[in-house]
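One letter stands for each residue in the lines below.
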Amino acid sequence: SSSELSAVVVSPSFVKNKNKLLELFFQISLNGMYVPVIDVQTGECLLTPEVFDAMKVKPELIRKSIDDNSSPNVILESFKQSLYLKKIYESIAYTTENVSLQQHTEAVIRQFLRYFERFSDFGVLSKQEFMMLFALHDIGKPLAKEIAGTATEQHFFTKKIILPILMQLGMSQLEIDK
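Residues numbered from 1 in each chain as written. Predicted model: local features only at pLDDT ≥ 70, side-chain atom pairs only at ≥ 80, totals over all residues. Heavy atoms only, no water.

With respect to the packing of helix α2 (residues 18-31) against helix α10 (residues 154-168)
Between two packed helices, the angle of one axis relative to the other and the distance separating the axes together describe the packing.
Here is step 1 of the chain: Closest axis-to-axis distance for the α2/α10 pair is 10 Å, and the angle between their directions is 25°. By the angle between their axes, α2 is roughly parallel relative to α10. Helix-helix and strand crossings are classified by hand; for α2 and α10 the assignment is left-handed. Counted together, Glu 23, Phe 26, Gln 27, Ser 29 and Leu 30 of α2 and Lys 160, Ile 161, Pro 164, Ile 165 and Gln 168 of α10 form the full contact between these two elements.
Here is step 2 of the chain: Class assignment of the residues belonging to the contact of α2 with α10 gives a composition of five nonpolar, three polar and two charged. (Axes fitted to C-alpha atoms, helices over the stretch in contact; angles between N-to-C directions. Helix = DSSP H or I, 4+ residues; strand = E, 2+ residues; numbered from the N terminus. Parallel < 35°, antiparallel > 145°, perpendicular 65-115°, else oblique. Left-handed = near helix turned anticlockwise from the far one by under 90°. Contact = heavy atoms within 4.5 Å. Nonpolar A, V, L, I, M, F, W, Y, C, P; charged D, E, K, R; others polar.)

Focus on the environment of Pro 72
Here is step 1 of the chain: Looking at the secondary structure, you find Pro 72 in helix α5 (residues 72-79).
Here is step 2 of the chain: Of the residues examined, Pro 72 reaches a relative accessible area of 9% and is grouped as buried.
Here is step 3 of the chain: Separated by 91 residues in the primary sequence, Pro 72 and Leu 163 place their C-alpha atoms 21 Å from one another.
Here is step 4 of the chain: The contact partners of Pro 72, leaving out residues within four places of it in the chain, are Glu 106, Ile 109 and Arg 110. (Buried < 20%, exposed > 50% of the residue type's maximum accessible area, 1.4 Å probe, protein only.)

A look at the side chain of Asp 138
Here is step 1 of the chain: For Asp 138, the position within the fold is in the loop between α8 (127-136) and α9 (141-148).
Here is step 2 of the chain: There is a polar contact of 3.1 Å between the side chain of Asp 138 and the side chain of Gln 154.
Here is step 3 of the chain: Contact partners of Asp 138, with chain neighbours within four places excluded, come to Leu 101, His 104, Gln 154 and Thr 158. (Polar contact = N/O pair within 3.5 Å; in protein donor to acceptor, adjacent residues only side chain to side chain.)

Section: the pattern of salt bridges
Here is step 1 of the chain: Across all of its chains, the model carries seven salt bridges by this definition.
Here is step 2 of the chain: Ionic pairing is found between Glu 77 and Lys 80, a salt bridge with its closest N-O pair at 3.3 Å.
Here is step 3 of the chain: A relative accessible area of 9% means that Lys 80 is categorised as buried.
Here is step 4 of the chain: Linking Glu 106 and Arg 110 is a salt bridge whose minimum nitrogen-to-oxygen distance equals 3.9 Å. Of this pair, Glu 106 and Arg 110 both sit in helix α7 (residues 101-116), four residues apart, which is roughly one turn of the helix. (Salt bridge = Lys/Arg side-chain N within 4 Å of Asp/Glu carboxyl O.)

What to know about the confidence of the model for the protein
Here is step 1 of the chain: Per-chain confidence: the protein averages 89 in pLDDT, with 98% of residues scoring 70 or above.
Here is step 2 of the chain: In the model of the protein, helix α11 (residues 173-177) stands out as the element of lowest mean pLDDT, 78, in contrast to strand β2 (residues 37-39), which has the highest, 96. (pLDDT = per-residue confidence, 0-100.)

Quick look at the packing of aromatic side chains
Here is step 1 of the chain: Tallied over the full model, the rule gives seven aromatic pairs.
Here is step 2 of the chain: In textbook terms, an aromatic cluster arises when at least three aromatic residues are bridged by ring pairs, as seen for Phe 112, Phe 116, Phe 130 and Phe 134. (Phe/Tyr/Trp six-rings, centres within 6.5 Å; stacked < 30°, edge-to-face > 60°.)

Thoughts on α8
Here is step 1 of the chain: The complete set of buried residues in α8 reads Lys 127, Glu 129, Met 131, Met 132, Ala 135 and Leu 136.
Here is step 2 of the chain: Those residues of α8 hidden inside the fold are in contact with α4 (59-67), α5, α6 (83-89), α7, α10 and α11.

Brief notes about the nonpolar core
In globular proteins that are soluble, nonpolar side chains generally tend to be buried together.
Here is step 1 of the chain: With 44 residues, the main nonpolar core has Phe 26, Phe 79, Leu 85, Tyr 89, Ile 161 and Ile 165 as its most contacted residues.
Here is step 2 of the chain: Aside from chain neighbours lying at most four places away, what touches Phe 26 is Met 55, Val 57, Ser 82, Tyr 84, Leu 85, Ile 161 and Ile 165. (Core = buried A, V, L, I, M, F, W, Y, C linked by side-chain atoms within 4.5 Å.)

This is how it looks when you write it as structure tokens:
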């Protein structure tokens, strides 16, 4: 018996929901192996190799931006190399500031650096790990608001997005569980 998957076929109602489609593309890209996504109605290939590559997280670029002590903007731009994460960062953050998720996240990172940049010992996590986590801390909030109707469900959506990203960035399950 083979466990090979030759394609994912999606219904017209799934195709109409662009956010679900993008999430599917992103989840496939996190797996690391290209699988075409086909519209059952038209036969069109929706997830081409080019789109697959554009959806991928670029771990080496993210690690470099964090290791180089880059600005919050540069760090988030490295995450936004994934079209899916770009879309999320450009969404409303659903905070009291009423700004994009990218603007909110940059402000959080700036606050962290303002108070803790001069320290070298952060205990359980390194400064780089803190930066990664701050960059992703609210990534599920726009999806929670859109799908569940409330941002209170953000942790479910955030966890679903960040766990595979942190593993691609080289963190072990033990480190993630810290």
